[in-house]
Amino acid sequence: MSGSAQKKRGFVITVDGPSAAGKGTLARRLATHFGFDFLDTGSLYRGVGLAVLRQGLDPADEKAATAAAKALKPEILSDSAIRAENTSTAASKVAAIPSVRAAILYWQRDFARHAARDSGGAVLDGRDIGTVVCPDADAKLFITASVQARADRRVKELQARGETAIYARVLQDMQERDARDQGRSISPTKPATDALIIDTSDLTADQVFERALAFIASKMKA
Ligand code: DC
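Described below are features of the structure shown in this document. (Residues numbered from 1 in each chain as written. Predicted model: local features only at pLDDT ≥ 70, side-chain atom pairs only at ≥ 80, totals over all residues. Heavy atoms only, no water.)

The immediate surroundings of the ligand are formed by 15 residues, with R46, R101, R127, D128 and R184 found nearest. Side-chain polar atom of R127 to an oxygen atom of the ligand: 2.8 Å apart, as the coordinates give it. Between the ligand and the protein, one listed contact pairs an oxygen atom with a side-chain N or O atom of D181 at 3.1 Å. Considering the ligand on its own, with 450 Å² of exposed area, one finds that the protein chains cover 97% of that surface. Sorting elements by how many residues they give to the shell around the ligand places helix α2 (residues 42–54) first, with 3 residues. Looking at the shell around the ligand residue by residue, the class counts come to 4 nonpolar, 4 polar and 7 charged. (Near = heavy atom within 4 Å. Polar contact = N/O pair within 3.5 Å; in protein donor to acceptor, adjacent residues only side chain to side chain. Areas by Shrake-Rupley, 256 points an atom, 1.4 Å probe, with all protein chains shown as cover. Helix = DSSP H or I, 4+ residues; strand = E, 2+ residues; numbered from the N terminus. Nonpolar A, V, L, I, M, F, W, Y, C, P; charged D, E, K, R; others polar.)

As structure tokens, then:
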């Protein structure tokens, strides 16, 4: 790690992009590589969505979702049910509610501040980290891929977990979720103007990692 990575505020790396584009894999690998703390911000929205579902309420219900966001407990983030497909849909619905985003914003900024200070740096992956949550981040990445490539990867991931997955259904769900995440008025999924955009459709995980590392190294030297 370079000297500037150890500056007092810590070095913050943001990894944004749509689902199944490879941003989680990359973000975790970067955090391990640099010894930085890691936060998967999607798990926070998933935790809120799951909490609302478990209360038998509608994730699009502003009151219920906001109350769940304010009461979010870290334990729910390690519950395997947050990865289920119905939780993904619920997460995308609660994520469109401004008061839910406000509650989660506080949590994310607090993490970035403390993690970056305590371990020299932080990696956060999500949709709006480089644009809204950490606009002053040191290195911003936007990881994307065609919706077909992402649906294909998601099908393989689900099958590896022993779940039945039909490509056409997964593709349709993904297109609907993309439309909600990219089309919402508050914090839509989009690259920051100073982000490096990597299209992973035809790249291996190693190639993506190498490109990201070269970009981060240039920012650490700057
Ligand atoms: O990355 P993911 O699939 O776990 O995210 C779950 C949902 O949360 C997804 O619909 C997008 C939303 N999300 C968001 O709006 N902002 C973030 N920073 C992270 C996730």
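What follows deals with the environment of A64. Along the chain, A64 falls in helix α3 (residues 62–70). Put simply, A64 and Y167 are 103 residues apart on the chain and 32 Å apart in space, counted from C-alpha to C-alpha. The residues contacting A64, other than those within four sequence positions of it, are V52 and L57. (Contact = heavy atoms within 4.5 Å.)

Attention now goes to the packing of α2 against helix α5 (residues 98–119). Between α2 and α5, whose axes approach to 11 Å, the crossing angle comes to 135°. What the angle tells us is that α2 and α5 run oblique. α2 and α5 meet at a crossing whose hand is right-handed. Between α2, through L44, Y45 and V48, and α5, the contact on the second element is made entirely by V100, R101, I104, W107 and Q108. Within the contact of α2 with α5, the residues separate by chemical class into 6 nonpolar, 1 polar and 1 charged. (Axes fitted to C-alpha atoms, helices over the stretch in contact; angles between N-to-C directions. Parallel < 35°, antiparallel > 145°, perpendicular 65-115°, else oblique. Left-handed = near helix turned anticlockwise from the far one by under 90°.)

Our next topic: the side chain of R177. One can find R177 in helix α8 (residues 167–183). Residue classification places R177 among the buried residues on the basis of a relative accessible area of 6%. (Buried < 20%, exposed > 50% of the residue type's maximum accessible area, 1.4 Å probe, protein only.)

Our focus in this paragraph is the sheet that holds strand β4 (residues 139–144). To summarise the sheet geometry, strands pair through backbone hydrogen bonds and adopt either a parallel or an antiparallel arrangement. With parallel pairing, the 5 strands of this open sheet are ordered in space as β2-β3-β1-β4-β5. Of all strands in the sheet, those bounded by a partner on one side alone are β2 (37–40) and β5 (196–199). Looking at each pair of strands side by side, their axes are set apart by 15° on average, direction ignored. Pairing analysis gives 6 bridges linking strand β1 (residues 11–16) to strand β3 (residues 121–126), with the strands arranged parallel. If you follow T14 over to β3, its bridge partner there is L124. Sitting on the sheet, α5 is in contact with β1, β2 and β3, with an inclination near 150° to β3. (Pairing = 2+ DSSP bridges.)

Attention shifts here to the packing of aromatic side chains. The description of two aromatic rings rests on the distance between their centres and on the angle between their planes. Inspection of every chain in the model, using the stated rule, returns 2 aromatic pairs. Ring geometry for F11 versus F36: centroids 6.5 Å apart, planes at 35°, classification tilted. Remark: F36 occurs in the loop between α1 (23–34) and β2 and F11 occurs in strand β1; sequence separation between them is 25 residues. Per residue, the accessibility class of F11 equals that of F36, and both read buried. Ring geometry for F34 against F36: centres 5.4 Å apart, planes inclined by 20°, an arrangement best described as stacked. A network of ring pairs unites the aromatic residues F11, F34 and F36 as a single cluster. (Phe/Tyr/Trp six-rings, centres within 6.5 Å; stacked < 30°, edge-to-face > 60°.)

This part is about unusual backbone geometry. Generally, phi is negative for residues other than glycine and the peptide bonds are trans, each holding for most cases. Even without being glycine, A20 reaches a positive phi, approximately 60°. Topologically, A20 is positioned in the loop between β1 and α1. For S187, which is not glycine, the phi torsion reads 45° and is therefore positive. For S187, the position within the fold is in the loop between α8 and β5. We classify S187 as buried; its relative accessible area is 13%.

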